[in-house]
Amino acid sequence: MFPAIAHIASLASLLVTVLAAGPEEGNLLARDKRALAPLQTYVGGWRGVGLLKRGSNAGAWTESFEWAWRFQKGRAELVAQLHDDKYYEQLRLQPGEKPGQFVLLASGHVDEQAAPPQQFTGALKDDALIVAALKPAPGRPARISVRLVAGGDRMLVLYEQQIAEGVYSRLAEIGSTRKGSSFAKNAASGPQCVVTGGLGTIAVTHDGQTYYVCCTGCRDLFLEDPQGVLAEYRERKAAERAHEKK
């Protein structure tokens, strides 16, 4: 195919994709990605130990989990699949209605699947994500705090129960280490994810070229619409260069 024809075909394909998604859907996806970008450092696999009390191994357990992007119906969210966690099997982070606000949907274990996810809302405060339950339940987490330390290689998750209005007490804390050195906290030390701008750890190809994405969710989005993803990536990089020149 001649270059000019290939270029026209590429533009036509991109136009079809945009029209199929609709302007509102595309704007919502871009907004979700921007809103969740501060939490990009969560993406990757983690392995940790949960403690009921600090300094005591009584009742301790081990668990693993993986955070990844999920793109569905023109929206984006960050999803964690938890294995052997004491309280939950899945966490879903979504942008809140207000700037800087986040919504966390926490789903329980198999015997609790019939119940709707527990909903939390909150924001980043002093580099920690702190979310509180809309409907606290006795003996269940009513506030969850997530903090990264050690340059992003350690994640501390604190579960607290509510004992009075605005008063919380510790239920458990999980200290986790990022799996593998390839899961760095940003793209400064390696290739950049063409979807989110995080560290690219998974190679994907299109038209004989190799690109990188940061998680399985971004990989699936790229494979579904590589031309659309790359067009947005190039626009984002062009905007970054223009901003740097100012």
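Small disclaimer: the values here were computed from a predicted structure and weren't measured.

**Brief notes about the side chain of Lys33**
Tracing the chain through its elements places Lys33 in helix 2 (residues 23-36). Residues in contact with Lys33, not counting those within four places in the same chain, are Trp69, Phe71, Ala76, Val195 and Glu232.

**Examining the pairing of strand 6 (residues 118-125)**
Pairing geometry for strand 5 (residues 101-107) and strand 6, over 6 bridges, is antiparallel. By the bridge assignment, Phe102 is partnered in strand 6 with Gly122. The turn joining strand 6 and strand 7 (residues 128-133), which pair antiparallel and follow one another in sequence, is formed by 2 residues; a positive phi near 55° is taken by Asp126.

**Topic: the pattern of salt bridges**
Within this structure, the stated rule accounts for 10 salt bridges. A salt bridge links Arg70 to Glu77; the shortest N-O distance between them is 3.5 Å. You can call Arg70 partly exposed: its relative accessible area is 26%. Residue classification places Glu77 among the buried positions, given a relative accessible area of 7%. Residue Glu173 is joined to Arg170 by a salt bridge in which the shortest nitrogen-to-oxygen separation is 3.1 Å. Classification of Glu173 by relative accessible area gives buried; the value is 14%. Among the charged side chains, a network of salt bridges with common partners joins Arg31, Asp32 and Arg75.

**Re the nonpolar core**
Membership of the largest hydrophobic core comes to 48 residues, with the highest contact counts inside it found for Trp67 and Trp69. If you tally residues by element for this core, the top one is strand 2 (residues 61-72), at 6 residues.

**Description of the packing of aromatic side chains**
In this structure the tally under the stated criterion is 7 aromatic pairs. With centroids separated by 5.9 Å and ring planes inclined at 5°, the aromatic side chains of Trp69 and Phe71 adopt a geometry described as stacked. Across this residue pair, the class does not change: Trp69 and Phe71 are buried. Arranged with centres 5.9 Å apart and planes meeting at 50°, the rings of Tyr211 and Phe222 form a pair that is tilted. Residue Tyr211 is located in strand 12 (residues 209-213), and its partner Phe222 is located in helix 3 (residues 216-224); the two are separated by 11 residues in the primary sequence. The class for Tyr211 is buried, based on a relative accessible area of 17%. One aromatic cluster is present, built from ring pairs that chain together Tyr87, Tyr88 and Tyr159.

About the criteria used
Along each chain, the written sequence defines residue order, and numbers are assigned to residues from 1. Given that this is a predicted model, residues contribute local features only at a pLDDT of at least 70 and side-chain atom pairs are listed and counted only at 80 or more, while totals for whole chains, interfaces and linings are drawn from all residues. The side-chain figures draw on all heavy atoms in the structure; neither hydrogens nor water molecules are used. Counting from the N terminus, the helices are DSSP H or I runs at least four residues long and the strands are E runs at least two residues long. Any pair of residues with heavy atoms lying within 4.5 Å of one another is described as a contacting pair. By this definition, two strands are paired if DSSP reports at least two bridges between them. Whenever a carboxyl oxygen of Asp or Glu lies within 4 Å of a side-chain nitrogen of Lys or Arg, that contact is scored as a salt bridge. Only protein chains enter the accessibility calculation, which uses a 1.4 Å probe; a residue whose area is less than 20% of its type maximum is buried, one above 50% is exposed, and one in between is partly exposed. We call a set of buried residues a nonpolar core when its members are Ala, Val, Leu, Ile, Met, Phe, Trp, Tyr or Cys and they connect through side-chain atoms within 4.5 Å of each other. The aromatic pairing rule takes the rings of Phe, Tyr and Trp, using the six-membered ring of Trp, and pairs them if the centres are within 6.5 Å, calling planes under 30 degrees apart stacked, those over 60 edge-to-face and the rest tilted.

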